[in-house]
Amino acid sequence: LPKSFVSMRLLPLAMTAAGMIKSPCIPSMISDSIDAPATSELRRRGMLDLLPFRYSTASHSSLRSSVSDQLGVDPERLGSLHEIEAEEGKPPRRRRRRLIMQQQARSNPAAMERLQAAYDLFVCSVLSPDLALEWSSSSSDSGSLTTLAYQSLPSLRVSPPSPQAMGRRHNDAVYGHQPGQLNYWLPLSASFGDNTLWVEPTTCRSASSTPPVPLEGDFGDCFRFYGNLDYHSTRPNNTGRTRVSLDFRVVPGSIYDDDYVGSRSDTGVQKYALGTLKRKGFYKIAKRDSDTGEWRVEPKVVG
């Protein structure tokens, strides 16, 4: 955890995870997100609900093939990664790996470059146009969505069979992410039962609670959820299959906060900053071209 969270503020989170506090909410840590104008805007537009959808695997095959190249396995055998590595004499993965492209580029930079290009294409050709259409059709006002802040590098997760759940139940507000964010989760291999991500769609934003929902699907499926407040977690993977997935966050441009106070470290540094021409940040910008209507990656901060 960031040093800024190593304090008594962590005590309620630890007690909740241990079952010592029955309430799923921690008001002192997430009340700012619950009451934020950005959250209200997403709620007004009906964008807080869990949303599954499909995309073209033919048009976006590089999302999976580049990851497969990085992991050294055929795309169709990602679910058997633990067996393949055992055959090669590699030790079993005891924990799910959170693979960031910057860390993995050293082992196969060409594959990481292809993943970056495939990811940018996916955001600009699928997510941004769909989100803009949803944004404009969800309200009677004249506002339109022309910019989107999105995570510069997607997180790549590998969850092999394991008797232990990996990670802890959490929502992203706990880690200081801004309330306007939406989470996207893309399985690259068969994700089902106890090998997948489980989301609690109404926790902390409704008087009633629903049971956790498993995000079940395969390559070509995508799920959007409000991870800033919706708790999500994993379970012990007893399926006998490795789950490989990508996930990332986006913030509609009109509610993006380039210096959200909750994201500042103890020294005032913005942990989830927007990148510039000279520095890669946590977020970068996709912008709609007013002439062509196409979305493209902006090489600098918009403002």
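Keep in mind that this is a model prediction, so the values were computed, not measured. (Residues numbered from 1 in each chain as written. Predicted model: local features only at pLDDT ≥ 70, side-chain atom pairs only at ≥ 80, totals over all residues. Heavy atoms only, no water.)

### Focus: the pairing of strand β12 (residues 295-298)
Bridge count for strand β11 (residues 283-288) against β12 is four bridges, and the pairing is antiparallel. Pairing of Arg288 across the sheet is with Trp295, part of β12. Joining the antiparallel neighbours β11 and β12 is a turn of six residues, in which Gly293 adopts a positive phi near 80 degrees. (Pairing = 2+ DSSP bridges. Helix = DSSP H or I, 4+ residues; strand = E, 2+ residues; numbered from the N terminus.)

### Some remarks on the nonpolar core
Judged by nonpolar contacts, the single largest core of 57 residues is most densely connected at Leu63, Phe122, Tyr184, Leu186 and Phe248. Ranked by the residues each element gives to this core, the list is headed by helix α7 (residues 109-137), at 13 residues. Not counting residues within four places of it along the chain, the set of residues in contact with Tyr184 comprises Phe53, Leu127, Leu131, Cys222, Phe223, Arg224, Leu246, Asp247, Phe248 and Val250. Core analysis: the next-biggest nonpolar cluster, separate from the first, contains six residues, Trp185, Val199, Phe223 and Phe225 among them. (Core = buried A, V, L, I, M, F, W, Y, C linked by side-chain atoms within 4.5 Å. Buried < 20%, exposed > 50% of the residue type's maximum accessible area, 1.4 Å probe, protein only. Contact = heavy atoms within 4.5 Å.)

### Examining the sheet that holds strand β7 (residues 213-214)
Strand order in the open sheet made by the three strands is β7-β6-β9, with antiparallel pairing throughout. Two strands in the sheet have a free side with no partner beyond their single neighbour: β7 and β9 (232-233). As judged from the two bridges shared by strand β6 (residues 198-199) and β9, these two strands associate in the antiparallel manner. Among the inter-strand pairings, Trp198 is bridged to a residue of β9, identified as Ser233.

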